[in-house]
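# Commentary on secondary and tertiary structure
This is what each chain is made of:
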Amino acid sequence: MEATTAAPFSSCVTPRQNLSSSPSSLLLSRKKLGSANLKFKSPRSLSVRASSASDSVVTLLDYGAGNVRSIRNALRHLGFSIKDVKTPGDILNADRLIFPGVGAFAPAMDVLNKTGMGEALCTYIENDRPFLGICLGLQLLFDFSEENGPVKGLGVIPGTVGRFDSSAGIRVPHIGWNALQVGKDSEILDDVGSRHVYFVHSYRAIPSNENKDWISSTCHYGESFISSIRKGNVHAVQFHPEKSGEVGLSVLRRFLDPKSPLKQKPMERKASKLAKRVIACLDVRTNDKGDLVVTKGDQYDVREQSNENEVRNLGKPVDLAGQYYKDGADEISFLNITGFRDFPLGDLPMIQVLRYTSENVFVPLTVGGGIRDFTDATGRYYSSLEVAAEYFRSGADKISIGSDAVYAAEEFVKSGVKTGKSSLEQISRVYGNQAVVVSIDPRRVYVNHPDDVPYKVIRVTNPGPNGEEYAWYQCTVSGGREGRPIGAYELAKAVEELGAGEILLNCIDCDGQGKGFDTDLVKLISDAVGIPVIASSGAGTPEHFSEVFETTNASAALAAGIFHRKEVPIQSVKEHLLEKSIEVRM
Ligand code: 1PR
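In this text, all values refer to a predicted model and were calculated from it rather than measured experimentally. (Residues numbered from 1 in each chain as written. Predicted model: local features only at pLDDT ≥ 70, side-chain atom pairs only at ≥ 80, totals over all residues. Heavy atoms only, no water.)

Here the focus is the overall build of the chain. Helices and strands together make up the secondary structure of the chain, namely 17 helices and 28 strands. Taken over 586 residues, the chain has a buried fraction of 60%. Contacts in the chain between residues at least 24 apart in sequence constitute 71% of all its contacts with a sequence separation of at least 6. Surface exposure of the chain reaches about 22,900 Å², of which carbon and sulfur atoms provide 48%. (Helix = DSSP H or I, 4+ residues; strand = E, 2+ residues; numbered from the N terminus. Buried < 20%, exposed > 50% of the residue type's maximum accessible area, 1.4 Å probe, protein only. Contact = heavy atoms within 4.5 Å. Areas by Shrake-Rupley, 256 points an atom, 1.4 Å probe, with all protein chains shown as cover.)

Averaged over all residues, the pLDDT of the chain equals 88, while 89% of them reach at least 70. For the stretch residues 1–53, pLDDT sits under 50, and the model shows 114 contacts to residues farther than four places along the chain or on other chains. (pLDDT = per-residue confidence, 0-100.)

Let us now look at the UniProt feature "binding site: L-glutamine" (unreviewed entry) in the chain. The UniProt record annotates "binding site: L-glutamine" (unreviewed entry) at Cys135. Discounting chain neighbours no more than four positions away, the residues touching Cys135 are Gly101, Val200, Val237, Gln238, Phe239 and His240. (UniProt positions renumbered as here; feature names shortened; annotations may be inferred.)

With that settled, consider the environment of Thr115. With respect to the helices and strands, Thr115 occurs in helix α4 (residues 105–115). Taking C-alpha positions, Thr115 is 9.7 Å from Lys86, a pair spaced 29 residues apart along the chain. A distance of 3.5 Å separates the side chain of Thr115 from the backbone oxygen of Leu112, its partner in a polar contact. (Polar contact = N/O pair within 3.5 Å; in protein donor to acceptor, adjacent residues only side chain to side chain.)

A few words on the sheet that holds strand β6 (residues 151–152). Judged by pairing direction, the sheet is mixed, and its four strands sit side by side in the order β6-β5-β7-β10 without closing on themselves. Either end of the sheet is taken by a strand with one partner, and the two such strands are β6 and β10 (203–205). As paired strands, strand β5 (residues 142–145) and strand β7 (residues 157–163) are joined by three bridges and run parallel to one another. The residue of β7 that forms the bridge with Ser145 is Val161. (Pairing = 2+ DSSP bridges.)

This paragraph deals with the UniProt feature "binding site: substrate" (unreviewed entry) in the chain. In the UniProt entry, the feature "binding site: substrate" (unreviewed entry) is given for Gly370 and Asn506. Relative to the helices and strands, Gly370 is located in the loop between β17 (365–368) and β18 (374–375). Relative to the elements of secondary structure, Asn506 occurs in the loop between β26 (502–505) and α14 (519–528). On the basis of relative accessibility, which here comes to 7%, the residue Asn506 falls in the buried class. Within the local environment of Asn506, its side chain forms a polar contact with the side chain of Ser439, the two groups lying 3.2 Å apart.

Written out as structure tokens, the structure is:
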């Protein structure tokens, strides 16, 4: 059967570039194909899988807009070597091409148009060559995107990419593990079955009559959106296979080697919706001997109560992260807890930790600590963007900002003006808000009356030491050392405005206590903002996780001590949540 693309390829047409290498003889160049109303080649007619000599090479289109380290690591992990696209000819000559689009739609299209890569991509796809687009690499195939637009896309698939509608009561960005409704002969999704895969995006392609022939799966988040397309050898997915654990790796494997056997056993439980995430957090710092260790505080005090008063050492960061990945953590966070005083780019071991971890851990990695503008001892100035860029290059999927976000929020609350200059705003603008977490370190302050302070005050479930019925949550900086004149509520609302995509909500009072999350605080913040909130601090039992999910709108819950001390395995937490009918990824 010959399928026809309903839309002409007009938006593919860019000023013709000189292709530095000639197309393979098996490829029809766009010029030869000529007409705008091109017929899509039948799936098998031009299907040419790589010969055995090049079977282990995959061509990667990385136009330099962000972190594609994760996909590189996943491909290497699967035994493939990577050939980078340097010229449009490299696209035309590829045996199989992966396009992990990163960044925003408009700048990506700009690069594709200016370099001639867009046209080469269209030709490659028209010729039904093996192609896998990921995330933005799916969206760019459509006619238009509303992201800072409308902006014209490649026009391979008819339809539009638009922002999720948060007025429908959903949190945007869509972050986390969601279920697919897999349609016809998806091939690369054969192993996904009823499992969750990892999404992180604010824009989505909308299913329509015009593009229904392309759709191989949809996902539900407030509404149905296109989670993957397939026509012949051309595939694209909105989720991140390189961040979807073993299931995601099998999606990549099935694309690279369609004959590879199915690996996943059938699931007992069917994934049906966005899962609540369970996150393992590693507070990392150098101990007095100079080793980088995972440590853990009691209310942020990470030193042992012994004569030596040494930094508590709970293990090696890379080993522990690897273990938590195997145990089923949905995400792993590294917090460089002395980053506020030491310059993180001077902390090469931390960068190495990230690099090594990302080679074997295929769930999202967040790293925080010390993200701010900095001038080193030699007078060299580093912008916070450079610090974040180095973290992203080293394998982070998201960065988390603590102290610097407090200063930015204070300024914004005072002036009502967005300067665009804060680290939060700059990083969010360049990498997208889904890549920016704000970590809040609040401390509970009891008051007798709601009017006692100019901050949001709530009635607390458990009264204070002197019977106080109210409290506000004071934000701190420098690892809890300094209280600031802003509450967690005011901060959360401000950082959402400034471009945060997610909030990591700690609580100094509960940290390391094992008595449960501060559900008053988590409820306050998760009801105040429209971005996902991660509840943190105080987990001691699996029941604490179900409690926080049942009583608040938290999207994820994070713990440290109970996992490090092996008191509660991650799997026990998840099994308990399932028993309570709370959807989790298994
Ligand atoms: O201010 O941008 O340099 O970021 C510093 C980062 O380091 C912040 O995210 C801050 O939360 C973190 N941090 C600084 N000092 C400490 C400390 O403990 N002395 N750790 C610290 C914060 C809190 C949680 C912890 C949970 C769960 N750690 O992340 O993992 O409370 O613990 P639990 O399950 O054992 O109760 P910047």
